[in-house]
Amino acid sequence: MPTLNIGILAHVDAGKTSLTERLLFDHGAIDRLGSVDAGDTRTDDGDIERRRGITIRSAVAAFTAGDTRINLIDTPGHSDFIAEVERALEVLDGAVLLLSAVEGVQAQTRVLMRTLRRLRLPTVVFVNKIDRAGARSADLLVDVRRRLTPCVAPLTDVRGIGTAQARVTSRPPGDPQLAEALAEVDPAVLAAVVDGPEPTPDELRKALAARTADGSFHPVLFGSALGGQGVAELVEAVTWLIPPAPAAADGQPRGTVFAVRPSAGGERIAYLRLYEGEVTLRQRLTLLRREADGRTCEVTGRVTGLDVIGGSGLSLTAGNIAALTGLSGVRVGDRLGPLAERAPQFAPPTLETLVRARRPGQAAALRTALLTLADQDPLIHARPAADGATALLLYGEVQMEVLAATLAQDFGIEADFEPGRVRFLERPRGVGEAVEEMPWHLGTRYWATIGLRVEPGPLGSGASPRSCCAPHWSAPGPGCTSRTTPSRRRSRWTHWPRWRPISPRSARSSRGRRAGRRPG
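What you are looking at is a predicted structure, and each value in this text was computed from that prediction instead of being measured. (Residues numbered from 1 in each chain as written. Predicted model: local features only at pLDDT ≥ 70, side-chain atom pairs only at ≥ 80, totals over all residues. Heavy atoms only, no water.)

Asker: Help me out: how do you make sense of the overall build of the protein chain in this one?
Answerer: The secondary structure content of the protein chain amounts to 12 helices and 25 strands. The buried share among the 520 residues of the protein chain stands at 46%. When the accessible surface of the protein chain is totalled, it reaches about 26000 Å², and 51% of it is carbon and sulfur. (Helix = DSSP H or I, 4+ residues; strand = E, 2+ residues; numbered from the N terminus. Buried < 20%, exposed > 50% of the residue type's maximum accessible area, 1.4 Å probe, protein only. Areas by Shrake-Rupley, 256 points an atom, 1.4 Å probe, with all protein chains shown as cover.)

Structure, rendered in structure tokens:
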């Protein structure tokens, strides 16, 4: 049975977990439809997730559609947990990008779409919440083309949008709007549209599948995760348009650990996506890891537990995901097989904080707990700091609050976090400067000049802004043509003008032409 590993991605509160729950329920994987508000969904199974009503860690669940097994990776939508999305992207065959029909394109939606297009990952766009008041369809498509990508076309229409009676209908196979949109990315369709004859429905289907598979085109479908409208059409589109990754059953096993979770007994559970070969119970595995200093380390262990997501048996085959136990030193990002360099898809954490145990006797336990959490999320970079504190790198305040709650709940440690400070990760390579001259400032007889100079400072000095303002000075009177040479203390980079007779009115007109806007 072919397997698809599909990620559900969206801005926070767009309905990812609700869609995952609906897909599992409609295909018989669960017997009751859970609710985010009630805190009883299949994938948000952590106490902190259920209390807050947000996804904090990626979770995997599976269902079968026809003859295809689909592994769903439900990812966090909050930007503080973008590292979870980063790790999930590496193991996906395709993605479903959710938008709310009410809120439309949001900040995280744009970040995700840019990344998906850069990776050329096959992506289907699903517009959720069509049954909510204020939902849009035509206007939202305009926003998608303007703010995300012009390479989209709807495969479904909505009747009664914004009401509880909203219903989804499929567009005709030979939809001319689809042909026009595909003509932007498919030369064969373009030739048929321009020169004729018009592309047939079968030709459009083949072109749509090919262009979706190579990540250059994104079909759009409408629906409601809570009401179930349009979900069947979404599943049909995913199984038809997103091809499974090629899987080689022979050869040495090759895979990636994209998540590590603690079990009830404290043992680590590693989620491994296998690309090639086979992994069996009791097999001895050697994982490779690239340390921060460039060294390659090995982690060896024997598989004592193997649970194939959505499957059964005692072996993990290529293309599938399994939860493994027995690998005591495993960490997120460890590789089975040769190491492959992969550039980060999102910016690293930019906040730094110091953590201290509220009770001095728990300082060592806090350090151990943070190192354990760093194995689950290496980007926090837990490291010793002065006065027994531990320094962490974070994406935001919500992540800090979740870490504090996790330490208290899972480790019994009350910890104090200092306010996050922005960590400067970049230094200028050289000197950059710019000057703007405003002749006859505000209609006066004074020549105003403003400049900005950026230059690298000593390592560890941080940002050191300083003013280099020159004192006010008067321009020569009308009729003068002298050149004024300023002293060094006035400015290092200002090019002083040659004065000549000019009226304030003509100066204002000249300034408006140069700046491209009205003077003043």
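Past the structure itself, the notes keep going.
Asker: Any chance you could explain the sheet that holds strand β14 (residues 296–302) here in plain terms?
Answerer: One key point about sheets: their strands pair by backbone hydrogen bonds, in either a parallel or an antiparallel sense. The antiparallel open sheet is built from 7 strands, whose spatial order is β14-β13-β18-β10-β11-β17-β15. A strand with exactly one partner marks an edge of an open sheet, and here the two such strands are β14 and β15 (305–308). The pairing of strand β13 (residues 284–290) with β14 spans 7 bridges and is antiparallel. For R284, the partnering residue across the bridge sits in β14 and is R302. (Pairing = 2+ DSSP bridges.)

Asker: Is there a simple way to explain the pairing of strand β19 (residues 351–357) in this structure?
Answerer: Residues in a regular strand point their side chains to alternate faces of the sheet. By the criterion of burial, β19 is predominantly enclosed, with 6 of the 7 residues buried. Here 5 bridges tie β19 to strand β21 (residues 390–394), and the two strands are oriented antiparallel to one another. Note that in β21 the partner of V355 across the bridge is T390. Direction of pairing for β19 relative to strand β23 (residues 421–422): antiparallel, over a ladder of 2 bridges. Within the sheet, the bridge partner assigned to E352 lies in β23 and is R421.

Asker: Looking at this model, I keep getting lost on the packing of helix α6 (residues 176–183) against helix α7 (residues 187–195). Mind explaining?
Answerer: In a pair of packed helices, the angle between the axes and the distance between the axes together describe the arrangement. Put simply, α6 and α7 touch, their axes get as near as 7 Å, and they point 120 degrees apart. As judged from the angle between their axes, α6 and α7 are oblique. Considering only the axes of α6 and α7, their crossing is left-handed. Contacts between α6 and α7 involve A179, L182 and A183 on the former and, on the latter, V189, L190 and V193. (Axes fitted to C-alpha atoms, helices over the stretch in contact; angles between N-to-C directions. Parallel < 35°, antiparallel > 145°, perpendicular 65-115°, else oblique. Left-handed = near helix turned anticlockwise from the far one by under 90°. Contact = heavy atoms within 4.5 Å.)

Asker: For this particular structure, what's the right way to read the side chain of T3?
Answerer: Mapped onto the elements of the fold, T3 is located in strand β1 (residues 3–10). Separated by 2.7 Å, the side chains of T3 and N320 make a polar contact. Residues in contact with T3, not counting those within four places in the same chain, are R69, N71, D93, P244, G319 and N320. (Polar contact = N/O pair within 3.5 Å; in protein donor to acceptor, adjacent residues only side chain to side chain.)

Asker: Is there a simple way to explain empty space enclosed by the protein in this structure?
Answerer: Any empty space left between the atoms is revealed when a probe the size of a water molecule rolls over them. Inspection of every chain in the model, using the stated rule, returns 2 cavities of 30 Å³ or more. Counted as a void, the largest cavity has a volume near 50 Å³. Of all elements in the fold, only β1, β3 (68–74) and α9 (231–241) reach the threshold of two or more residues within the lining of the largest cavity. With 3 residues, α9 is the largest single contributor of residues to the lining of the largest cavity. Its residues assigned to classes, the lining of the largest cavity comprises 10 nonpolar, no polar and no charged. Empty space within the second largest cavity amounts to approximately 40 Å³. Across the lining of the second largest cavity, the residue classes tally to 2 nonpolar, 3 polar and 4 charged. (1 Å grid on protein atoms, 1.4 Å probe; cavity = no way out; pocket = protein on both sides within 12 Å on 5 of 7 lines; lining within 4 Å. Points joined across faces, edges and corners; volume = space filled by probe spheres on them. Nonpolar A, V, L, I, M, F, W, Y, C, P; charged D, E, K, R; others polar.)

Asker: Sorry if this is basic, but what is going on with the pattern of salt bridges here?
Answerer: Two side chains with opposite charge may pair up if their charged atoms get near one another. Using the criterion set out here, one finds 26 salt bridges in the structure. A salt bridge links R146 to D143, with the shortest nitrogen-to-oxygen separation between them at 3.4 Å. Remark: D143 and R146 occur in helix α5 (residues 138–147); sequence separation between them is 3 residues, near one turn of the helix. Among the charged side chains, a salt-bridge network with shared partners connects E84, R87, R261 and D377. (Salt bridge = Lys/Arg side-chain N within 4 Å of Asp/Glu carboxyl O.)

Asker: For this particular structure, what's the right way to read helix α10 (residues 363–376)?
Answerer: Note that an α-helix has 3.6 residues per turn; residues three or four places apart therefore point the same way. Between the first and last C-alpha of α10 there are 20 Å, a value that for 14 residues agrees with the 20 Å anticipated at 1.5 Å per step. When α10 is considered as a whole, its buried residues turn out to be L366, A369, L370, L373, A374, D375 and Q376. (Expected span 1.5 Å × (residues − 1).)

Asker: Can you help me understand the environment of P384 in this one?
Answerer: Among the secondary structure elements, P384 is positioned in strand β20 (residues 383–384). Taking the C-alpha atoms as reference points, P384 and R367, separated by 17 residues in sequence, lie 8.2 Å from one another. Look past the residues within four positions of P384 in its chain and what remains in contact with it is R367 and A389.

Asker: What am I meant to see in the sheet that holds β1 here?
Answerer: Reading across from one edge, β2-β3-β1-β4-β5-β9-β6 is the order of the 7 strands in this open sheet, with mixed pairing throughout. The sheet is open, and its two borders are formed by β2 (59–65) and β6 (152–154), each paired with just one other strand. Along the sheet, successive strands turn relative to each other by an average axial angle of 25 degrees, direction set aside. Where β6 and strand β9 (residues 218–222) come together, 3 bridges link them in parallel fashion. Counted as the bridge partner of P154 is V220 from β9. Seen against the sheet, α5 touches β4 (94–100), β5 (123–128), β6 and β9 and runs at an angle of roughly 165 degrees to β6. Each of β1, β2, β3, β4, β5 and β9 is contacted by α9, which is oriented at about 165 degrees to β9, the strand it contacts most.

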